[in-house]
Amino acid sequence: MAPLRVLCIHGYRQNGSSFRIKTGALRKLLKKHAELVYLSAPHCVQQASGEALEEESGPGGAEDLRGWWFSDVQARSFSAQQQCEDSLGLDESVEAVREAVKTQGPFDGILGFSQGAAFVAMLCSLQEQKLEPEFKFRFSILVAGFRSACEEHKKFYSPPLQIPSLHVFGLEDQVIPDNMSRELLPSFQDLTVLTHPGGHFVPATSAHRQAYQDFLKRFQSETKVSETRSGAE
């Protein structure tokens, strides 16, 4: 059975390469079930003094920090807690995903971490509103996700999304506290929740294997049924 293809959306102040390194354990955990494909955000991020790190950039990312949108339009910075009327850069990021789907797709699902998970919720909303005909994601995985506090993004959260979703968050996350991730849950109808006792990272130990695999197997079996039907026609 062919593995599912999953587009991976990194967090703020990361990039596709650094996120790939950070999710090495996840790739190993899911290697029989999913092929993870990584995309970098189009916007460069400058490290501002005193600005909280969403995630250490780590190997492969320290010199190329990226973001999907900015909550502070003037400073070109982002904070998940920042209330704002308008944001900057979201349209370009949607275009980057659209291009990735065209050139590297098709993808069965989409996975996002932190700001990337918040962005995934928006992308799924655009898909369900039929505003992005290229998007055909069958499932979403949101790790340390949250609802954007930007006023112009409220349109993405109503009505609730029908796409099956797996929500993963840490009970000791100091960057995106678990209550912020829980606030996103009512925006999804067909959801599964996986909590872990740790902080701001993508959990991928043997303790989490079953939850990931059980979720993904739903879509592998759908693919098998579809392929069987196609071959019979």
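Procedures and definitions
Every residue gets a number counted from 1 within its own chain, in the order that chain's sequence is written. Since the coordinates come from a predicted model, pLDDT governs what is reported: local features require at least 70, and pairs of side-chain atoms require 80 or more to be given and counted, while whole-chain, interface and lining totals use all residues. Only heavy atoms go into the side-chain values, all of them from the structure, while hydrogens and water stay out. Where helices and strands are cited, they refer to DSSP runs of H or I of at least four residues and of E of at least two residues respectively, numbered from the N terminus. Only protein chains enter the accessibility calculation, which uses a 1.4 Å probe. A residue is then buried if its area is under 20% of the maximum for its type, exposed if over 50%, and partly exposed in between. Should any heavy atoms of two residues lie within 4.5 Å, those residues are counted as being in contact. Per-residue accessibility takes into account occlusion by the displayed protein chains alone, with areas from the Shrake-Rupley method and a 1.4 Å probe. Here, expected helix span is obtained from the residue count minus one, scaled by 1.5 Å. Per-residue confidence from the predictor is reported as pLDDT, which spans 0 to 100. As used here, the arc belongs to the directions running from the helix axis to the C-beta atoms. Any N or O atom pair separated by 3.5 Å or less is treated as a polar contact, with the protein-specific requirement of one donor-capable and one acceptor-capable atom, and with residues adjacent in sequence counted only for side-chain atom pairs. Cysteine sulfurs are considered disulfide-paired once they come within 2.5 Å of each other. Whenever a helix is involved, its axis is fitted only over the stretch in contact; in every case the axis is a line through C-alpha atoms, and angles between N-to-C directions fall within 0 to 180 degrees. Under this scheme an angle from 65 to 115 degrees is roughly perpendicular, one under 35 degrees roughly parallel, and one over 145 degrees roughly antiparallel; angles in between are oblique. For Phe, Tyr and Trp, rings pair up if their centres lie within 6.5 Å, where Trp contributes its six-membered ring, and each pair is then called stacked (planes under 30 degrees apart), edge-to-face (over 60) or tilted (otherwise).

Draft legend 1. Up close: the overall build of the chain. Scanning the chain for helices and strands turns up six helices and eight strands. Starting at the N terminus and ending at the C terminus, the chain contains elements arranged as β-α-α-β-β-β-α-β-α-β-β-α-β-α. Within the span of the chain, comprising 233 residues, buried residues form 52% of the whole. Considering only contacts in the chain between residues 6 or more positions apart, those separated by 24 or more positions represent 81%. Summed over its atoms, the accessible surface of the chain is roughly 10900 Å², and 50% of this surface lies on carbon and sulfur atoms.

Draft legend 2. Region of the structure containing helix α4 (residues 115-128). Here α4 spans 20 Å end to end across 14 residues, near enough to the 20 Å set by a 1.5 Å rise per residue. Of all 14 residues in α4, 13 are buried, a share of seventy percent or more. Immediately beyond the C-terminal end of α4, within one or two residues, lies Lys130, with a positive phi of roughly 60 degrees.

Draft legend 3. Main features of the confidence of the model for the chain. Taken as a whole, the chain shows an average pLDDT of 89; of its residues, 88% reach a score of 70 or greater. Here residues 56-61 is a poorly scored stretch, pLDDT under 50, and it has 15 contacts once near neighbours within four places are set aside; other chains count. Predicted confidence for residues 224-233 stays below pLDDT 50, and this span has one contact to residues more than four positions away or in other chains.

Draft legend 4. Layout of helix α3 (residues 90-104). Here α3 spans 21 Å end to end across 15 residues, near enough to the 21 Å set by a 1.5 Å rise per residue. Those residues of α3 that fall on the buried side of the exposure criterion are Leu90, Ser93, Val94, Ala96, Val97, Ala100 and Val101. Relative to the axis of α3, the buried residues are bounded by an arc of 155 degrees and lie together on one face. Across from the buried face of α3, at angles greater than 90 degrees, the exposed residues are Asp91 and Thr103. As for α3, its buried residues are in contact with β1 (4-9), β2 (34-39), β3 (43-44), β4 (66-67) and α4.

Draft legend 5. Broad picture of the side chain of Ser165. As for its placement among the helices and strands, Ser165 is situated in strand β7 (residues 165-170). Look at Ser165 and you get buried, because its relative accessible area is 0%. For Ser165, the side chain forms a polar contact with the side chain of His167, separated by 2.8 Å. If sequence neighbours within four positions are ignored, Ser165 has contacts with Ser140, Leu142, Phe188, Asp190, Leu191, Thr192 and Phe215.

Draft legend 6. Fine view of the environment of Leu184. Here Leu184 lies in helix α5 (residues 178-184). By relative accessible area, Leu184 is classed as buried at 1%. Those residues in contact with Leu184, other than ones at most four positions away along the chain, are Ala121, Leu142, Gly145, Phe146, Arg147 and Tyr157.

Draft legend 7. Quick look at the state of the cysteines. Counted under the stated rule, the structure contains zero disulfides. Summary of cysteine pairing: Cys84 is not part of a disulfide, and the nearest cysteine sulfur, belonging to Cys150, is at 3.1 Å. Taking the relative accessible area as the measure of exposure, Cys84 reaches 13% and is therefore buried.

Draft legend 8. Up close: the packing of α3 against α4. With their axes 12 Å apart at the nearest point, α3 and α4 run at an angle of 70 degrees to one another. Considering their axes alone, α3 and α4 lie roughly perpendicular with respect to each other. Packed against α3, whose contacting residues are Leu90, Ser93, Val94 and Val97, the element α4 presents Phe119, Met122, Leu123 and Leu126 at the interface.

Draft legend 9. Here's a closer look at the packing of aromatic side chains. This structure, assessed with the given rule, holds 10 aromatic pairs. Here the aromatic rings of Phe135 and Phe137 are separated by 5.6 Å at their centres, their planes lie at 45 degrees, and the arrangement is tilted. Just as Phe135 is buried, Phe137 falls in that class too. The rings of Tyr12, Trp69, Phe78 and Phe146 are connected pair by pair, giving a single aromatic cluster.

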